[in-house]
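Here's the letter readout for the chains.
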Amino acid sequence: SLPGCAAIPAPYRERGRMAYATGKRIVEMAYEDLRPSQILTRAAFLNAIVAIAAIGGSTNAQPHLTAMARHAGVELTSHDWKHGYDIPLLVNMQPAGKYLGERFHRAGGVPAVLWELLEAGKIDGGVLTVTGRSLAENVAGRASVDREVITPYAAPLLAQAGFLVLTGNLFDSAI
């Protein structure tokens with residue numbers, strides 16, 4: 001999806017505009033020969049793991065992200081989730097946090113979180129995105145405008161928000 005799409009609340013008219021822009025961009029990508037295989041790389045999936053930890057994402061993300069990687073021909077296992085283990089929690093949003101998703105969107109949403117992670121050197125800003133530009137180019141200058149909802153990397157809500165990968169004699173792994 002296009003940058004800024006993920007957190008737009010359903011009733012906002014921005015959602016319709018984003019859907020239109022997404023459809024338009026998909027057609028442009030076809031003319032540019034920009035393929036999913038160029039975007040869905042191992043580095044991009046590792047970035048996603050780090051971002052999921054920073055936003056306080058669900059353990060349900062792991063099987064879905066793994067399935068997406070498998071369909072893209074990228075090897076990603078539950079053990080790769082260690083890349084996000086030491087990532088701090090940057091987003092104070094319900095259900096575990098204080099603020100609603102609407103305020104997260106207004107604070108800058110996922111691009112603001114990615115900007116924090118990029119500035120801290122925790123994600124690969126060189127990965128290609130659907131815009132045809134790098135992740136770093138997409139989030140340049142997108143710092144949060146609401147530090148109660150999206151905290152600075154240096155002052156997180158929790159120092160380690162990532163998922164712990166467990167293994168044992170009864171299972172290969174658990175998140």
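Our structure's up above, just so we're on the same page.
A. Just the overall build of the protein chain, in detail. Helix and strand counts for the protein chain stand at seven helices and zero strands. Its C-alpha atoms put the protein chain at 50 × 40 × 30 Å along the principal axes. Each of the 175 residues in the protein chain was classed as buried or not, and the buried ones make up 38%. Long-range pairs, those at least 24 residues apart, make up 71% of the contacts in the protein chain between residues at least 6 apart in sequence. Averaging the positions of the 16 positive and the 15 negative side-chain charges in the protein chain gives two centres separated by 5 Å.

B. Examining the nonpolar core more closely. Among the nonpolar cores identified, the biggest contains 23 residues, and Ile87, Phe104, Val113, Leu114, Leu117 and Ile150 are the most heavily contacted of them. Of all the elements in the fold, those that place two or more residues in this core are helix H3 (42-55), helix H5 (101-107), helix H6 (109-119) and helix H7 (135-139). Here this core takes five residues from H6, the largest share from any one element. With 11 residues, the next largest nonpolar core counts Phe45, Ile49, Leu65 and Phe163 among its residues.

C. Just a nonpolar patch on the surface, in detail. The grouping of Leu164, Leu166, Leu170 and Phe171 at the surface amounts to a nonpolar patch, some 420 Å² of accessible area in total. Take Leu164: it is sitting in the segment after H7.

D. The arrangement of helix H1 (residues 13-32) in detail. Here H1 is 20 residues long and its end C-alpha atoms lie 29 Å apart, about the 28 Å a rise of 1.5 Å per residue gives. Residue Asp33 follows H1 closely and has a positive phi angle near 60°.

E. How the structure looks around the environment of Thr41. Structurally, the position occupied by Thr41 is in the loop between helix H2 (36-39) and H3. Take Thr41: its relative accessible area is 27%, and that puts it in the partly exposed class. Residues contacting Thr41, with those up to four places away along its chain left out, are Val74 and Val127.

F. The arrangement of the packing of H3 against H6 in detail. Interaxial distance between H3 and H6 falls to 10 Å at its minimum, and their mutual angle equals 110°. Considering their axes alone, H3 and H6 lie roughly perpendicular with respect to each other. When the axes of H3 and H6 are compared, the crossing they make is right-handed. Facing H3, whose interface residues are Val50, Ala51, Ala54 and Ile55, H6 presents Val113, Leu114 and Leu117. Tallied by class, the residues present in the contact of H3 with H6 amount to seven nonpolar, no polar and no charged.

G. Summary view of helix H4 (residues 61-72). Compared with the 16 Å implied by 1.5 Å per residue over 12 residues, the 16 Å span of H4 between its first and last C-alpha is a close match. Among the residues making up H4, those that are buried are Ala61, Gln62, Leu65, Thr66 and Ala69. One side of H4 holds all its buried residues, which, seen down the axis, span an arc of 125°. Facing away from the buried side of H4 by more than 90 degrees, the exposed set consists of Arg70 and His71. The secondary structure elements touched by the buried residues of H4 are H3.

H. Region of the structure containing the pattern of salt bridges. By the definition in use, this model includes eight salt bridges. In this structure, the salt-bridge partner of Arg147 is Glu116, at a minimum N-O distance of 2.6 Å. Of the two residues, Arg147 is situated in the segment after H7 and Glu116 in helix H6; the sequence distance between them amounts to 31 residues. Linked through salt bridges whose partners overlap, the residues forming this network are Arg25, Glu28 and Glu32.

About the cut-offs
Residue indices follow the written sequence of each chain, beginning from 1 at its first position. Only residues with pLDDT of 70 or above have their local features reported here, since the model is predicted, and side-chain atom pairs are shown and tallied only from 80 upward, although totals for entire chains, interfaces and linings are computed over all residues. The side-chain numbers reported here are obtained from all heavy atoms of the structure, hydrogens and water having been left aside. Per the convention used, a helix needs a DSSP run of H or I reaching at least four residues, while a strand needs a run of E reaching at least two, with both numbered from the N terminus. Only protein chains enter the accessibility calculation, which uses a 1.4 Å probe; a residue whose area is less than 20% of its type maximum is buried, one above 50% is exposed, and one in between is partly exposed. Contacts are residue-level and defined by heavy atoms, with any inter-residue pair within 4.5 Å sufficient. When charges are tallied, Lys and Arg are placed among the positive residues and Asp and Glu among the negative ones, while His and the ends of the chain are skipped. Positions of charges follow a simple convention, taking NZ of Lys, CZ of Arg, CG of Asp or CD of Glu. Residues belong to one nonpolar core when they are buried, are Ala, Val, Leu, Ile, Met, Phe, Trp, Tyr or Cys, and are joined through side-chain atoms within 4.5 Å. Put simply, a patch holds well-exposed residues, over 30% relative accessible area, that have no salt bridge, with like charges counted together within 9 Å and Val, Leu, Ile, Met, Phe, Trp or Tyr side chains within 5 Å. For the accessible areas, the method is Shrake-Rupley and the probe is 1.4 Å, while residue cover comes only from the protein chains on display. Salt-bridge detection follows one rule: a side-chain nitrogen of Lys or Arg within 4 Å of a carboxyl oxygen of Asp or Glu. One less than the residue count of a helix, multiplied by 1.5 Å, gives the span that helix is expected to have. Only the stretch in contact is used when a helix axis is fitted, and all axes are lines through C-alpha atoms; the angle between N-to-C directions ranges over 0 to 180 degrees. For classification, angles of less than 35 degrees are called roughly parallel, those exceeding 145 degrees roughly antiparallel, those between 65 and 115 degrees roughly perpendicular, and all remaining angles oblique. Put simply, a crossing is left-handed when the front helix is turned counterclockwise from the back one by less than a right angle, and right-handed when it is turned clockwise. Gly is put with the polar residues, along with every residue not named as nonpolar or charged; the nonpolar set is Ala, Val, Leu, Ile, Met, Phe, Trp, Tyr, Cys and Pro, and the charged set is Asp, Glu, Lys and Arg. An arc is given here, and it is the one of the directions from the helix axis to the C-beta atoms.

By themselves, these observations are geometric and do not establish any function.
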